[in-house]
Amino acid sequence: TLPAALAGIWRGRYELGGYPRDVTLTLQATTSPSPNAGELLIVGKRRSQLVIDRVNAGERFVTLEASAAGVKLEGRWDAASGAFVGSFFQGPFEAPLTLQRDAGGVRNGSGS
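Residues numbered from 1 in each chain as written. Predicted model: local features only at pLDDT ≥ 70, side-chain atom pairs only at ≥ 80, totals over all residues. Heavy atoms only, no water.

A. Layout of the layout of surface pockets. Empty space within the largest pocket amounts to approximately 230 Å³. Lining the largest pocket are 13 residues, with R21, I42, R46, S48 and Q90 positioned closest to its centre. Sorting the residues of the lining of the largest pocket by element identifies strand 1 (8-16), strand 4 (47-52) and strand 8 (83-90) as the ones contributing at least two each. A per-class count over the lining of the largest pocket returns seven nonpolar, three polar and three charged. (1 Å grid on protein atoms, 1.4 Å probe; cavity = no way out; pocket = protein on both sides within 12 Å on 5 of 7 lines; lining within 4 Å. Points joined across faces, edges and corners; volume = space filled by probe spheres on them. Helix = DSSP H or I, 4+ residues; strand = E, 2+ residues; numbered from the N terminus. Nonpolar A, V, L, I, M, F, W, Y, C, P; charged D, E, K, R; others polar.)

B. Representation of the side chain of R21 within the structure. With respect to the helices and strands, the residue R21 is situated in strand 2 (residues 19-27). E15 is the oppositely charged side chain nearest to the buried, salt-bridge-free R21, at an N-O distance of 7.8 Å. Within the structure, the side chain of R21 is placed 2.6 Å from the backbone oxygen of L16, a separation counted as a polar contact. Apart from residues no more than four positions distant in its own chain, R21 is found in contact with G12, R13, Y14, L16, I42, V43 and G44. (Buried < 20%, exposed > 50% of the residue type's maximum accessible area, 1.4 Å probe, protein only. Lys, Arg positive; Asp, Glu negative; His and termini not counted. Salt bridge = Lys/Arg side-chain N within 4 Å of Asp/Glu carboxyl O. Polar contact = N/O pair within 3.5 Å; in protein donor to acceptor, adjacent residues only side chain to side chain. Contact = heavy atoms within 4.5 Å.)

C. Examining empty space enclosed by the protein more closely. Under the criterion given, the structure shown has one cavity of 30 Å³ or more. By volume, the largest cavity amounts to about 40 Å³. Taken together, L6, W10, L25, L27, V62, L64 and F84 form the lining of the largest cavity. Those elements that provide at least two residues to the lining of the largest cavity are strand 2 and strand 6 (61-66). For the lining of the largest cavity, a count of residues per class yields seven nonpolar, no polar and no charged.

Below, the structure is given as C-alpha cells:
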C-alpha cells in the first residue's frame, strides 16, 4: 500500500554510464495491494514508461518496483520537505537518486 503522503508527482535526475536521465515518478495513494501504484518515466538516451507494481512503504522508508523492467527505487522520504533521497537500481547497476515533489501536484488528465 502507498501512503497518501507519497501520492503526487516527483521529479529528479540520476546519471548512469555517464549519461543523465530525467525521472518523473507519478504515484497514486492505495489502501490495498494494487498492480498499478503509479508510473515511472525515465528520459535519457531513450524514453521508458514503467508501471510501478510493487510498493513497500514505512514511516520514512519506501521501496518502489517496476518488476517488468527489473527497476527498483529505494530511499527515505520526507513529506514535509517533499524530498525522496535514495537510489535507483536496475540489475547490477545502482545510482544515487533525489526526487522533489512537483509543486503542481497530480495532473488530472485534462490536458493542461
